[in-house]
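Breakdown of the fold
The primary structure of each chain is shown beneath.
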Amino acid sequence: MTDSNAWLSTVSDDSLESLETQPPSPTGTHDHLLETRFSGKQIAAGETAPCHHCDARLHEGHPITAHAYRHSDEPAYTIAAVYCAGCAPTDLMETTRGRDDVLLEADLGLAMAGQTHWTILVEPTIVATA
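Let me sum up the structure you'll find in this document. (Residues numbered from 1 in each chain as written. Predicted model: local features only at pLDDT ≥ 70, side-chain atom pairs only at ≥ 80, totals over all residues. Heavy atoms only, no water.)

1. A word on the state of the cysteines
Note the cut-off: In what follows, a disulfide is any cysteine sulfur pair within 2.5 Å.
Inspection of every chain in the model, using the stated rule, returns 0 disulfides. Here Cys51 stays free of any disulfide, with the sulfur of Cys54 as its closest cysteine sulfur at 3.7 Å. No disulfide involves Cys87; its nearest neighbouring cysteine sulfur is the one of Cys84, lying 3.6 Å away.

2. Overview of the nonpolar core
As a reminder of what qualifies: The nonpolar core is taken to be a set of buried Ala, Val, Leu, Ile, Met, Phe, Trp, Tyr and Cys residues, with the residues joined through side-chain atoms within 4.5 Å. Burial classification: accessible surface area is computed with a 1.4 Å probe over protein chains only, and a residue below 20% of its type maximum counts as buried, one above 50% as exposed, and the rest as partly exposed. Strands are runs of DSSP state E lasting at least two residues, helices are runs of H or I lasting at least four, and both sets are numbered from the N terminus onward. Contacts between residues were defined by any pair of non-hydrogen atoms, one from each residue, lying within 4.5 Å.
If you look at the biggest cluster of nonpolar residues, it comprises 22 residues, and the most contacted ones within it are Phe38, Ile43, Ile64, Ile79, Leu104 and Leu121. Within the residue set of this core, elements represented by two or more residues are helix H3 (29-38), strand E2 (42-45), strand E5 (63-71), strand E6 (78-84), strand E7 (99-113) and strand E8 (116-129). Looking at this core, the element that brings in the most residues is E6, giving 5 residues. When residues no more than four places from it in sequence are discounted, the contact partners of Ile79 are Phe38, Lys41, Gln42, Ile43, Ala66, His67, Ala68 and Leu121.

3. As for the pattern of salt bridges
Selection criterion: What makes a salt bridge here is a side-chain nitrogen of Lys or Arg within 4 Å of a carboxyl oxygen of Asp or Glu, nothing more.
Considering all chains together, one arrives at 2 salt bridges under this definition. A salt bridge links Asp101 to Arg99, with the shortest nitrogen-to-oxygen separation between them at 2.9 Å.

Structural data, given as structure tokens:
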């Protein structure tokens, strides 16, 4: 388990937005900033999260794939779905105009503050963006 006060990292919206107005660089700087933004992102309250497709209960240590999106007028991404390794899509199938979609792989972790626990993303890697 991880104490969230010392562990959760943040990225300035200004630094991410300045990169979003430019095409991604070949070095992957844009993906790295997105990965940093998702590191520690809360997935669910409690110690488990359900797979969006098969409803399997996923907990700390499970590898997952997550689909996240952000509308152009929103500062933060929303996690739309979490998939277990067996149900994970390999590409973004549905995209909407005016919305940034991200598909990422990560492990699930557990954060806590006092007696409260929540499931988070650990070491996310961007798989696809649209």
